[in-house]
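Summary of the model geometry
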Amino acid sequence: MQRELGLSVLLVHHTRKNAADGVAAGQGLRGSGDIHAFGDSNLYLQRTKEQLILSSEHRAAPAAAPVYLELVATDAETTHLEVTAAPDDDTERSLEERVLDLLAQGRVLTRASLRDSLAVKNERLGTVLESLERGGKVGRTPSGWKRLG
């Protein structure tokens, strides 16, 4: 149909809510794996916290870099998606750096609020906090963790 009529076929589908990190987005599609195999080019729109991320897969080419989008709704008649600059890529920054950033400017945060903000496992966060504490970069207070120095 595509070749005979010179058109594109668009299939809209949804993914699992709890797809594992590091797995290709197409592997998270609900139902048969045939749906993933059907597409020559696949686009995936994913929400993470306050971000919308558009990623792609293509059968015969490497994936392009993800595109970050924001829903702009200043006027109901002109609501649209707008490309935004990529946020600081937290996956490229160490967890230690991210913890220190959150504790900047005298902020004191509980371990639970740090864990929620960073979306990391409690054990991993604990290891990082202990390392930063041994290094004299953070300290524990009765109301939470704070940056030192």
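Residues numbered from 1 in each chain as written. Predicted model: local features only at pLDDT ≥ 70, side-chain atom pairs only at ≥ 80, totals over all residues. Heavy atoms only, no water.

1. Section: the pairing of strand β6 (residues 138–141)
Sheet topology note: the β6/strand β7 (residues 144–147) ladder contains four bridges and is antiparallel. Pairing of G139 across the sheet is with K146, part of β7. Where β6 hands over to β7, the hairpin turn is made up of two residues, counted between the paired strands. (Pairing = 2+ DSSP bridges. Helix = DSSP H or I, 4+ residues; strand = E, 2+ residues; numbered from the N terminus.)

2. Focus: a nonpolar patch on the surface
A cluster of nonpolar residues, M1, L5, L7, V9, L11 and F38, forms a patch on the protein surface that exposes about 640 Å² of accessible area. Position of L5 relative to the elements: it lies in helix α1 (residues 2–5). (Patch = residues over 30% accessible without salt bridge, like charges linked within 9 Å, V, L, I, M, F, W, Y side chains within 5 Å. Areas by Shrake-Rupley, 256 points an atom, 1.4 Å probe, with all protein chains shown as cover. Salt bridge = Lys/Arg side-chain N within 4 Å of Asp/Glu carboxyl O.)

3. Re the sheet that holds strand β1 (residues 41–48)
Sheet architecture is open: four strands sit in the order β1-β2-β3-β4, paired in antiparallel fashion. In this open sheet, the two strands that pair with only one neighbour each are β1 and β4 (80–84). For this sheet the average axis-to-axis angle between neighbouring strands, irrespective of direction, equals 35°. As paired strands, β1 and strand β2 (residues 51–58) are joined by eight bridges and run antiparallel to one another. (Axes fitted to C-alpha atoms, helices over the stretch in contact; angles between N-to-C directions.)

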